[in-house]
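Secondary and tertiary structure notes
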Amino acid sequence: MKLGRRRFGAFGLYGALGTLGAVGATVSLGGCGFALRVPPKLHFRSLAFTGFEPRSPLAEDLRRQIGAQVEVLADANRAEVVLRALADQRLRSVVASTAAAQVRELQLKLRFEFEVATPGGRELIPKVALLLSRDMSYSETFGLAKEQEEAELFRDMQSDVVLQVMRRLAAVRV
C-alpha cells in the first residue's frame, strides 16, 4: 500500500487548512453581529433648513445625508420638520507658543447649536449645543501641510456632528 503525499489536492496540507480557516472566519463574522454602519432611520417625510450661512459646509453635508432618506425643502412652511441652526462656527486658538512668539500648538473647535421644531412652532428637539475640539501641533516650517491637517481635522469633526444630528433626528416623531 503506497501513501501519496498529495492527499489534500494541489494546495497541500497547509492550503487545505488555510481554506478551512478562511471559511471559518467568514462564518464566525456573521454570528458576531458585524454589520456595516448605516445612518439612523428618520421617521418623517420632509425637512427644511433655516439659519445656516449660504455656503455652509456643515449644511451641505447634512443635506446630503438627510436627503438620502427624506425630501429636503427650501420652504420651511411646507416641511414637516424644520432644523434651525443657531450657531455654526469654526474656531482656532493658540494653546502654546515659544519664547520667540512662534505658535507650537493650536486648538480647533467646531461649535454647532440647533433646534428642531414643526413649522407651527411645536418644539421637537430643544436647543442642543455640540462642541468638538481637537488639539494640533504646529510648525511654521511645515505651514502648508499643517493647513491641510487643519482642514482634515475640521472635516472629521463635521462628520461627527452630522452623525450626532442624524441620531437626534432619528428620535423625532411628528
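Our structure is the block above this text.
For the structure given in this document, a descriptive report is provided here.

What counts, and at which threshold
Residues numbered from 1 in each chain as written. Predicted model: local features only at pLDDT ≥ 70, side-chain atom pairs only at ≥ 80, totals over all residues. Heavy atoms only, no water. Core = buried A, V, L, I, M, F, W, Y, C linked by side-chain atoms within 4.5 Å. Buried < 20%, exposed > 50% of the residue type's maximum accessible area, 1.4 Å probe, protein only. Helix = DSSP H or I, 4+ residues; strand = E, 2+ residues; numbered from the N terminus. Contact = heavy atoms within 4.5 Å. Pairing = 2+ DSSP bridges. Axes fitted to C-alpha atoms, helices over the stretch in contact; angles between N-to-C directions. Parallel < 35°, antiparallel > 145°, perpendicular 65-115°, else oblique. Left-handed = near helix turned anticlockwise from the far one by under 90°. Nonpolar A, V, L, I, M, F, W, Y, C, P; charged D, E, K, R; others polar. Phe/Tyr/Trp six-rings, centres within 6.5 Å; stacked < 30°, edge-to-face > 60°. Salt bridge = Lys/Arg side-chain N within 4 Å of Asp/Glu carboxyl O.

**Focus on the nonpolar core**
For soluble globular proteins, the rule of thumb is that nonpolar side chains tend to be buried together. Judged by nonpolar contacts, the single largest core of 37 residues is most densely connected at Leu47, Leu62, Ile66, Leu83, Phe112, Val165 and Leu169. Listed by contribution, the elements that provide at least two residues to this core are strand 1 (46-50), helix 2 (57-67), strand 3 (81-97), strand 4 (103-117), strand 5 (123-137) and helix 3 (143-170). In terms of residue count, the dominant contributor to this core is helix 3 (nine residues). Residues in contact with valine 165, not counting those within four places in the same chain, are Leu62, Leu83, Phe112, Phe114 and Leu130.

**Observations regarding the sheet that holds strand 5**
As summarised here, the arrangement of the five strands in space is 2-1-3-4-5, forming an open sheet in which the pairing is mixed. Edge strands, defined here as strands with exactly one partner in the open sheet, are strand 2 (71-73) and strand 5. Between one strand axis and the next, the sheet turns through 25° on average, direction left out of account. The sheet contact formed by strand 4 and strand 5 spans 12 bridges and is antiparallel. Bridging from a neighbouring strand, phenylalanine 112 pairs with leucine 130 of strand 5. Strand contacts of helix 2: strand 1, strand 2, strand 3 and strand 4, with the helix running at about 180° to strand 1, the strand carrying the most contacts.

**As for the packing of helix 2 against helix 3**
Two quantities define a packed helix pair, namely the angle between the axes and the distance from one axis to the other. Contact geometry of helix 2 with helix 3 gives a least axis separation of 10 Å together with a crossing angle of 50°. Overall, the two elements helix 2 and helix 3 adopt an arrangement that is oblique. For the element pair helix 2 and helix 3, the recorded crossing hand is right-handed. For the pair helix 2 and helix 3, contact is made by Pro57, Leu58, Asp61, Leu62, Gln65 and Ile66 and by Gln158, Ser159, Val161, Val162, Val165, Met166 and Leu169, respectively. Looking at the contact of helix 2 with helix 3 residue by residue, the class counts come to nine nonpolar, three polar and one charged.

**With respect to the packing of aromatic side chains**
Under the counting rule described, the total for this entry stands at three aromatic pairs. When the centroid spacing of 5.6 Å and the interplanar angle of 80° are considered together, the rings of phenylalanine 49 and phenylalanine 52 count as edge-to-face. With respect to class, phenylalanine 49 is no different from phenylalanine 52; both count as buried. Between the aromatic rings of phenylalanine 112 and phenylalanine 114, the centroid separation amounts to 5.3 Å while the plane-to-plane angle is 15°, which identifies the pairing as stacked. Like phenylalanine 112, the residue phenylalanine 114 is buried in the burial classification. Ring-pair connections join several aromatic residues into one group, and the members of that group are Phe49, Phe52, Phe112 and Phe114.

**Considering the pattern of salt bridges**
Throughout the structure, instances matching the rule amount to 11 salt bridges. Between arginine 64 and aspartate 61 there is a salt bridge, with the nearest N and O atoms lying 2.9 Å from each other. With arginine 64 and aspartate 61 both in helix 2, this residue pair falls three residues apart, about one helical turn. You can call aspartate 61 buried: its relative accessible area is 10%. For glutamate 150, the salt bridge goes to arginine 92, with nearest N and O atoms at 3.1 Å. With glutamate 150 in helix 3 and arginine 92 in strand 3, the pair connects residues that are 58 residues apart, well separated along the chain. Through salt bridges with shared partners, one network takes in Arg111, Glu113 and Lys127.

**Notes on unusual backbone geometry**
For alanine 101, which is not glycine, the phi dihedral falls at a positive 65°. By secondary structure assignment, the location of alanine 101 is in the loop between strand 3 and strand 4.

**Section: the environment of glutamate 105**
Summarising the element assignment, glutamate 105 is placed in strand 4. Exposure remark for glutamate 105: the relative accessible area of 29% places this residue in the partly exposed category. It is 5.4 Å that separates the C-alpha atoms of glutamate 105 and valine 95, two residues lying 10 residues apart in sequence. Among residues more than four places away in sequence, those in contact with glutamate 105 are Ser93, Val94, Val95, Ala96, Asp135, Met136, Ser137 and Tyr138.

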